[in-house]
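Residue strings, one per chain:
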Amino acid sequence: MPLLATELDVLTRFGRALADPIRCRLLLALREAPAYPSDLAEALGISRTRLSNHLACLRDCGLVVAVPQGRRTRYELADERLGHALDDLRTAVLAVEADRSCVDAAGKGCC
């Protein structure tokens, strides 16, 4: 039986997943519909190995589940509410300073 994550743990896992552009693209693709790894790799233009690593991360974060279907495995969001959360995040308006207050933003890739 899976353990339920605490609220802080959920936010941390979600943040870890969203920290990578490929994982963001994967989550957005799975928001549209469940998919097989070969289809996801082709749609995202990445290798199956690279895709597999990102899917493993998303599984470990608890955001996607693997559903066996015969000899294949289909991936889908672990909870349909994640799709709604992605929509909310995607359409949120961020207040970003034009001059970037973080002096190390360019070097660190943050902000």
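Located above this text is the structure these notes cover.
All figures in this text were calculated on a predicted structure; none of them were measured in a lab.

A. The pattern of salt bridges, seen in detail. Across all of its chains, the model carries 6 salt bridges by this definition. Close ionic contact of R31 with E32 constitutes a salt bridge, the shortest N to O distance being 3.1 Å. By relative accessible area, which is 24% here, R31 ends up partly exposed. With its nearest N and O atoms 2.5 Å apart, the salt bridge here joins R31 to D87. Pair noted here: R31 is in helix α2 (residues 21-32) and D87 is in helix α5 (residues 80-91), with a separation of 56 residues, a long-range link. For D87, a relative accessible area of 25% translates into the label partly exposed. Through salt bridges with shared partners, a single network forms among R31, E32, D87 and R90.

B. Representation of the environment of L18. Position of L18 among the secondary structure elements: in helix α1 (residues 7-18). For the pair L18 and L58, spaced 40 residues apart in sequence, the C-alpha to C-alpha distance is 9.6 Å. Here L18 is in contact with C24, L27, L86 and L89, once residues within four sequence places are set aside.

C. Geometry of the packing of helix α3 (residues 37-44) against helix α4 (residues 48-60). Taken N-terminus to C-terminus, the directions of α3 and α4 make an angle of 110°; their axes are 9 Å apart at the nearest point. As far as their axial angle goes, α4 and α3 are roughly perpendicular. Where α3 approaches α4, its residues P37, S38, L40 and A41 are matched on the opposing element by R48, L51 and L55. Considering only residue class, the contact of α3 with α4 consists of 5 nonpolar, 1 polar and 1 charged.

Calculation criteria
- Residues numbered from 1 in each chain as written.
- Predicted model: local features only at pLDDT ≥ 70, side-chain atom pairs only at ≥ 80, totals over all residues.
- Heavy atoms only, no water.
- Salt bridge = Lys/Arg side-chain N within 4 Å of Asp/Glu carboxyl O.
- Buried < 20%, exposed > 50% of the residue type's maximum accessible area, 1.4 Å probe, protein only.
- Helix = DSSP H or I, 4+ residues; strand = E, 2+ residues; numbered from the N terminus.
- Contact = heavy atoms within 4.5 Å.
- Axes fitted to C-alpha atoms, helices over the stretch in contact; angles between N-to-C directions.
- Parallel < 35°, antiparallel > 145°, perpendicular 65-115°, else oblique.
- Nonpolar A, V, L, I, M, F, W, Y, C, P; charged D, E, K, R; others polar.

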